[in-house]
Amino acid sequence: MAVLLDYIWQSTFCLFFFFGIYWVFLRNEKVFVFTRVYLLITPILGLLFPLVTIPVSFYKPDISLEQSQLFRALSLEQVSEDVAGFYGLPEVTVQSTKLPMLLEFKDYFIIFYLMIFSFLAIKLFWQFIQLRLLKEKGWYQTIFKLKEKYFLIPTFGLAPIFSYFNELYWDETQDLSHEEKDQIIKHEIEHIRQGHSWDILYYQIMSVVFWFNPAIHLMRSALVDVHEYLADENVLKQTANKENYPKLIVKIAFKGMDLPIGNYFIRSTTLKRILMMKNSKKPNRFKMVMILPLTLMLLALVSMKTKVGLNELFSTNTQKIEFIKEQLTASQDSLEVAIKVKKIKNPTHYELIGALEGDKLTAQLGELMYEFSDISSDEEYIKVRSLINSLRGNSRITKNYGPVKTYDQVSVKPAPSKGEENWYEDLSKAISGFLPEKEKELGLVSSFEVEYIITSEGKLINPIIRKSIGGGVDKKVIDMLTSEDMPTWSAGEYKGEKVDVVHSTQIKMSIPPKLAENKEDLYFFPQVIEIPNQMVRNRIINDDTVFDVVETAPNPQGGMEGWNEYLKSNLKYPEVAKANGEEGTVYVVFEVNKDGSISEVDVLRGVSPTIDAEAVRVVKASPAWEPGKQRGKEVNVRMRLPIRFKNEGKNATTPSKDQVGEVVVFKDGAYDKVDTPPSPQGQMEGWNQYLSENLKYPNYAKEQGVEGTVYLVFVVGKDGSIGEVEVLRGIGAGCDEEAIRVVKNAPKWNPGMQDGKLVDVRMRLPIRFNLGKSSAVSKEVAPTNAFNTHVTKNIKFPTEARKNGNTGTVLVQLELDSKGKISKTEIVKGVSKEIDEEVNRVVNTSSPSWNVPSNGNSFKTILPITFRLGDVNSESRSRAGMKNEIVVVGYGNTGKANAQKVINDFEYDKMRSTTFAKLSTVPTNKKFNPIYVLDGKIRDMEYLNKLEVSSIKKMNIVKSPSYDELIKFGEDSKKGIVYIETKEK
């Protein structure tokens with residue numbers, strides 16, 4: 001509906017613009033043929049321009065309604081709301097919160113349109129019928145004029161003189177002289193000869209279909225005038241006495257039936273025609289020339305679309321709705337309020353917490369809108385605000401500012417004319433003044449952050465809320481920042497030129513004494529802490545942003561095969577490295593720019609100076625790549641390439657199926673690619689059977705919940721034997737050793753052949769370890785819906801465990817009989833006594849059956865049950881890919897001290913220690929012995945102990961590093977990473 005109304009508005013604007021050009025430049029000019037063509041073409045252009053999109057990279061005025069509140073409102077009405085559900089009310093899941101209606105606004109709009117359309121179509125059809133009747137009535141007296149090729153049909157006084165295609169309807173009741181008849185006939189013959197009836201029919205149809213567009217009707221009337229001017233012009237050329245013709249026009253008046261589908265000798269244009277006949281001015285060529293640039297200007301205004309609008313929502317990172325349901329359901333143990341959450345489209349702000357209105361409160365966090373109702377007390381309101389803070393991490397937004405530079409990119413920073421200290425002070429005072437007294441009394445103050453653009457002229461525009469303070473303060477701050485009274489700024493500069501710069505201001509409000517009384521409620525739910533991890537933060541990008549992950553990855557010329565050939569032909573093992581026996585993997589990082597060129601080549605982790613230099617050289621010299629794309633737009637992408645130098649072979653291997661695989665450079669030995677590759681006995685089916693029968697999941701890996709893919713490299717000899725088995729990339733916990741064992745003990749393979757000869761061939765093999773898909777378990781073993789329902793409805797988070805802050809994943813080994821009934825259970829990895837007992841109670845009490853193959857066998861499987869307290873930084877967060885995992889989320893008084901301590905230490909800068917001893921709060925044991933990354937660089941404890949704790953801005957603990965982090969920081973990062981960001985890098 002919104003799109004349709006936007007199209008109607010834009011097309012109406014275009015047609016009025018074209019009509020305005022006619023009115024100003026052509027209406028009084030005697031260039032009738034040109035004007036006729038103009039009036040015939042411009043309606044099509046006016047209707048097409050809004051449908052045409054010409055992407056441009058610069059910003060321009062736009063007449064579209066897309067950025068208007070009406071458009072947003074109608075867009076939201078049109079899209080069905082993705083409602084997670086209601087909480088605190090009788091259980092129900094809905095698709096939309098609107099009251100049921102038989103017809104919506106768009107339905108009434110369509111019905112009204114069709115009614116008018118039908119009326120006008122019937123009216124037009126009735127005119128054709130009348131014309132048909134008129135023709136039949138005078139058919140027997142019709143005369144065909146062979147010379148002029150038209151039919152002369154009498155109307156018997158029922159209609160005035162008019163023409164329609166090659167038919168001239170003549171009113172013989174008119175008292176006309178021979179000369180007058182001759183002039184009228186000449187006039188109508190001109191209509192017939194020039195095909196004016198086609199023009200009339202064209203506009204009649206347009207007027208019926210686009211009846212709502214008034215410009216169509218105005219242009220149709222203008223075209224009728226032009227038709228008459230054209231006919232009059234030609235008659236006057238053939239008339240000796242030019243004074244009599246205008247008198248004839250005045251003499252004849254309307255009589256009888258008027259059919260708009262015909263061309264009439266006399267209409268209400270009589271005075272216009274006479275004035276035009278007397279107009280002796282020469283055509284103004286300048287006016288005609290101006291039409292083209294004006295048309296192009298309209299095309300640019302309507303059809304040119306900036307590729308990315310200012311502050312346009314680029315992407316979102318939102319939790320699955322099921323996760324949010326669990327979170328809100330768990331909160332009902334401590335809150336007796338009704339909660340509804342739904343997704344919204346194209347939010348303007350990163351977040352916006354409204355004011356408490358009666359018993360209702362709304363909070364937009366990312367693309368999620370939370371609606372709280374039935375808030376009956378101040379204590380509940382404080383808890384709701386605490387819950388809102390814990391929900392912040394569920395949806396994060398990335399906004400694209402296109403060519404606008406970021407604050408860090410400019411050489412000269414924009415600054416307020418009053419000075420930064422006065423700017424902060426004035427903004428802080430304004431926020432404090434806007435904050436309702438009740439919010440102050442309840443201690444509901446926190447940090448506030450607003451994002452805005454400082455233009456090249458020093459004006460502050462487009463303010464949006466990054467972090468909301470609530471209480472209705474945010475909108476008042478926005479109004480203040482956009483007022484004319486705001487002081488100007490000095491513009492930022494990039495490469496010596498003044499540019500637009502996106503900037504933000506963060507205000508940390510002081511904590512009033514009342515806060516101490518409400519600590520228990522303010523930190524009732526685990527609080528979200530801002531961490532230096534771009535994947536979970538609201539962020540901004542522009543045309544210079546370098547992406548690490550994109551929808552369409554950069555691709556080398558010729559694809560990966562071409563890239564491999566390039567590396568094989570150009571990558572050389574340094575002689576010095578060979579002589580010294582140096583080998584290892586060089587991790588190279590580089591950027592593939594929007595034009596495909598490669599830049600910023602660097603060694604992320606090297607082996608030796610000579611090997612590192614060779615890896616950098618070959619990457620720098622590589623041909624241009626196909627650039628990566630994000631949302632259909634070419635962007636800069638940072639790539640990582642591991643190149644392994646090994647003194648074993650002669651050929652560079654083909655990378656894996658990753659977007660950039662590992663390339664191994666051998667000195668001599670086995671082939672990497674051959675005409676006939678080796679194959680296992682029984683082909684891949686036989687190989688999979690062998691693995692399923694012999695591969696065992698290490699107990700330690702089960703206990704630790706370790707799963708993933710082990711990549712092996714081995715050589716199939718000329719006799720089919722398997723040797724030189726090594727781990728190319730492993731996952732530890734005994735899985736690497738088990739993968740090596742089962743491959744080493746495998747039966748001989750069918751050897752590979754090159755040029756008809758048996759040769760040694762190096763192979764790669766991925767072996768997947770999955771706790772839900774071990775080799776002893778059939779792919780068809782899975783819990784039934786009844787079993788999942790039984791567990792989720794009956795399992796509880798033990799109170800004692802919640803008080804103690806016990807979280808983690810319990811791995812239960814289930815033995816299933818041939819019918820899927822649980823015959824025996826064993827906890828192979830526990831969390832705490834209370835949690836383990838609760839799991840045993842639920843699983844062993846009247847548990848429904850599982851789905852198993854009907855082959856009469858018994859089965860074993862692992863059921864993971866994760867207990868967590870909702871903290872986004874918790875070690876117990878859900879493991880992606882863990883089959884059949886059940887997550888139990890609990891809230892309560894657990895972890896408040898820790899959450900409060902982190903916030904007090906880092907959020908409110910109340911750290912007084914002068915050493916780094918506080919890092920001892922991070923657990924260090926066999927499972928978690930992290931590396932420390934300070935401002936992007938790995939540092940040891942000796943270095944960190946010299947660091948002033950008051951200089952720390954943010955800290956983030958990652959206990960399960962991602963693949964990219966492992967690649968970036970190496971094997972040592974497997975045990976965890978502590979990210980530290982200082983206030984001044």
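Note that the structure is a prediction, hence the values are computed from the model and not measured.

Cut-offs and rules
- Residues numbered from 1 in each chain as written.
- Predicted model: local features only at pLDDT ≥ 70, side-chain atom pairs only at ≥ 80, totals over all residues.
- Heavy atoms only, no water.
- Core = buried A, V, L, I, M, F, W, Y, C linked by side-chain atoms within 4.5 Å.
- Buried < 20%, exposed > 50% of the residue type's maximum accessible area, 1.4 Å probe, protein only.
- Helix = DSSP H or I, 4+ residues; strand = E, 2+ residues; numbered from the N terminus.
- Contact = heavy atoms within 4.5 Å.
- Pairing = 2+ DSSP bridges.
- Axes fitted to C-alpha atoms, helices over the stretch in contact; angles between N-to-C directions.
- Phe/Tyr/Trp six-rings, centres within 6.5 Å; stacked < 30°, edge-to-face > 60°.
- Parallel < 35°, antiparallel > 145°, perpendicular 65-115°, else oblique.
- Left-handed = near helix turned anticlockwise from the far one by under 90°.
- Nonpolar A, V, L, I, M, F, W, Y, C, P; charged D, E, K, R; others polar.
- UniProt positions renumbered as here; feature names shortened; annotations may be inferred.
- Arc of directions from axis to C-beta.
- Salt bridge = Lys/Arg side-chain N within 4 Å of Asp/Glu carboxyl O.

Draft legend 1. Focus on the nonpolar core. Ranked by size, the top nonpolar core spans 33 residues in total, and within it Phe18, Ile21, Tyr22, Leu26, Tyr38, Leu39 and Met219 carry the most contacts. Sorting the residues of this core by element identifies α1 (2-26), α2 (32-48), α6 (196-209), α7 (214-238) and α10 (285-303) as the ones contributing at least two each. Top element by residues in this core is α1. It accounts for nine residues. Contacts of Ile21, omitting those with residues within four sequence positions, involve Leu26, Tyr38, Ile291 and Leu294. In this structure, Phe547, Trp563, Val592 and Trp625 belong to the second largest nonpolar core, which totals 27 residues.

Draft legend 2. Inspection of the sheet that holds strand β37 (residues 822-829) at higher detail. Strand order in this open sheet of four strands is β37-β36-β39-β40, and the pairing throughout is mixed. Both outer strands of the open sheet, β37 and β40 (886-889), are each paired with one neighbouring strand and no more. On average, adjacent strands in this sheet sit at an angle of 25 degrees to one another, irrespective of strand direction. Taken together, the four bridges between strand β39 (residues 859-868) and β40 define a ladder with parallel strand orientation. Within the sheet, the bridge partner assigned to Arg868 lies in β40 and is Val889.

Draft legend 3. Here's a closer look at the side chain of Thr142. Locating Thr142 in the fold gives a position in the loop between α4 (105-137) and β3 (143-145). Residue class for Thr142 comes out buried when judged on its relative accessible area of 19%. Excluding its chain neighbours within four sequence positions, the residues that come into contact with Thr142 are Phe151, Leu152, Ile153 and Pro154.

Draft legend 4. Spatial organisation of the side chain of Glu738. Tracing the chain through its elements places Glu738 in helix α22 (residues 735-744). Excluding residues that lie within four positions of it along the chain, Glu738 makes contacts with Asn694, Leu695, Lys696, Pro698 and Phe769.

Draft legend 5. Summary view of the packing of aromatic side chains. This structure, assessed with the given rule, holds 31 aromatic pairs. Each ring, one from Trp687 and one from Tyr690, has its centre 5.6 Å from the other, and the planes form 35 degrees; the classification is tilted. Note that Trp687 and Tyr690 are positioned in helix α20 (residues 683-694) at a spacing of three residues, about one turn of the helix. Across the pair, exposure class does not vary: Trp687 and Tyr690 are buried alike. Aromatic pair Trp687 and Trp749: ring centres 5.0 Å apart, planes at 70 degrees, arrangement edge-to-face.

Draft legend 6. Spotlight on the packing of helix α17 (residues 559-570) against helix α19 (residues 609-620). Where α17 meets α19, the axes come as close as 11 Å, and the angle between the chain directions of the two elements is 130 degrees. Put simply, α17 runs oblique to α19. The two elements α17 and α19 meet at a crossing, and its hand is right-handed. Contacts between α17 and α19 involve Tyr566, Leu567 and Asn570 from the former and Glu614, Arg617 and Val618 from the latter. Counted by class, the contact of α17 with α19 contains three nonpolar, one polar and two charged residues.

Draft legend 7. View of the UniProt feature "transmembrane region" (unreviewed entry) in the chain. Per the UniProt entry, the sites bearing "transmembrane region" (unreviewed entry) are residues 7-25, 37-58, 108-129, 150-170, 200-219 and 286-304 in this numbering. Regarding residues 150-170, the helix share stands at 0% and the strand share at 57%, and the terminal C-alpha atoms are separated by 12 Å. Taken end to end, residues 286-304 is 95% helix and 5% strand, and its two terminal C-alpha atoms sit 27 Å from one another.

Draft legend 8. The arrangement of α22 in detail. Of all the residues in α22, the buried ones are Cys735, Asp736, Glu738, Ala739, Val742 and Val743. Looking down the long axis of α22, one finds its buried residues gathered within 165 degrees of arc, a one-sided arrangement. Exposed residues pointing more than 90 degrees away from the buried face of α22 are listed as Glu737 and Lys744.

Draft legend 9. Region of the structure containing the pattern of salt bridges. If you walk through the whole model with that rule in mind, you get 23 salt bridges. Across the salt bridge formed by Glu351 and Arg392, the nearest N and O atoms sit 2.7 Å from each other. One end of the pair, Glu351, is in strand β11 (residues 351-353); the other, Arg392, is in the loop between α12 (378-391) and β14 (395-400), with 41 residues separating them in the sequence. Side by side, Glu351 and Arg392 carry an identical accessibility label, which is buried. Residues Arg762 and Glu724 are paired through a salt bridge, measuring 3.7 Å at the closest nitrogen-oxygen approach. You can see Arg762 sitting in strand β34 (residues 761-769) and its partner Glu724 sitting in strand β31 (residues 722-729), a full 38 residues away along the chain. What makes Arg762 buried here is its relative accessible area of 4%. Glu724 gets classed as partly exposed once you look at its relative accessible area, which sits at 47%. Beyond isolated ion pairs, a larger network of salt bridges with shared partners links Lys340, Lys342 and Glu371.

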